Amino acid sequence: MGSTGTVLRELRGAQKTAKGVSLYSRYVNRPAGRVLAAGAYRIGLTPNQVTLVSAACTFTAVASVALVRPSWGLAFAVYAGLAVGFAFDSADGQLARLTGRGGPDGEWLDHVVDCAKLILVHTAVLISFHRFAQLPGEGWLLLPLGFLFVAVLTFCAGLLREQLGKAAARPAPAGSATAPAPVSRVRAVALLPADYGVFCLVFLLYGDETAFRIGYAALAVVHALFLVAFLVKWFRELKALRAAD
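Residues numbered from 1 in each chain as written. Predicted model: local features only at pLDDT ≥ 70, side-chain atom pairs only at ≥ 80, totals over all residues. Heavy atoms only, no water.

### A closer look at the environment of Ala38
Along the chain, the position of Ala38 falls in helix 2 (residues 23-43). Take Ala38: its relative accessible area is 0%, and that puts it in the buried class. (Helix = DSSP H or I, 4+ residues; strand = E, 2+ residues; numbered from the N terminus. Buried < 20%, exposed > 50% of the residue type's maximum accessible area, 1.4 Å probe, protein only.)

If you want it as structure tokens, here you go:
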């Protein structure tokens, strides 16, 4: 493969479907990941190495939340680390599809890193609240624990829905071809509050304790509502697959 422009065109043609993807991931994170994947390809990185770069960016930012007193400079640095880590998280899959070097090991590593970052980011907020914040009451310490529960349950339930759905789905008859479902712009907008990239934006408020706490609490409530909606939707979809057998 030749120039960076050629690599980018190849990557653009190897994108996953935009169905069920928010506007942020579709128009911000995936394009950023495409550029990073092209750079990684040019310097000879493997998809698993890109995953580790993603982990390094994310975990450095998360550690800063737990260990460093909040400030506006730290707020920007934490957001940048999380956002860049998320872009590299998109880049590893794009690079794998481009090079054909993806496999179960890479998918497993990617999911392990994703799960770890969900656990650690909310744990870091809990530590920060305990060490640095002047909270109105100790009950606020339960907020990161609740958000952690919601985030991990959403991740695990969604992953199980995907895997069980694949296992239960009937193979398409030979020679049949179904047109992909149209991508809903309304759905892409509605999914914005549940997007990890949008969640990262709340750390831009980290320099102001009250603003961050309110923004973080608002996102926790929104994510909890999305979790309920997702659980109902996924349960009905799996039940429908069983009824179709």
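### Points about the pattern of salt bridges
Scanning the entire structure with this criterion turns up 6 salt bridges. Two residues, Arg213 and Glu209, come together in a salt bridge whose shortest N-O distance is 3.3 Å. Pair noted here: Arg213 and Glu209 are both in helix 9 (residues 209-244), with a separation of 4 residues, about one helical turn. The partly exposed category is assigned to Glu209, whose relative accessible area is 31%. In this structure, the salt-bridge partner of Glu237 is Lys233, at a minimum N-O distance of 2.6 Å. Of this pair, Glu237 and Lys233 both sit in helix 9, 4 residues apart, which is roughly one turn of that helix. On the accessibility criterion, Glu237 (25% relative accessible area) is partly exposed. Salt bridges sharing partners connect three or more residues here, namely Asp89, Asp114 and Lys117. (Salt bridge = Lys/Arg side-chain N within 4 Å of Asp/Glu carboxyl O.)

### Observations concerning the nonpolar core
Leu82, Phe199, Phe203 and Phe212 are the most contacted members of the largest nonpolar core, which has 34 residues in total. Those elements that place two or more of their residues in this core are helix 3 (47-67), helix 4 (72-99), helix 5 (104-132), helix 6 (142-168), helix 8 (196-200) and helix 9. Considering each element in turn, this core owes the most residues, 7 residues, to helix 4. Among all residues touching Phe199, those that are not within four sequence positions of it are Val121, His122, Phe147, Tyr216 and Leu219. Ala37, Val50, Leu95 and Leu98 belong to the second-largest nonpolar core, a separate cluster that totals 7 residues. (Core = buried A, V, L, I, M, F, W, Y, C linked by side-chain atoms within 4.5 Å. Contact = heavy atoms within 4.5 Å.)

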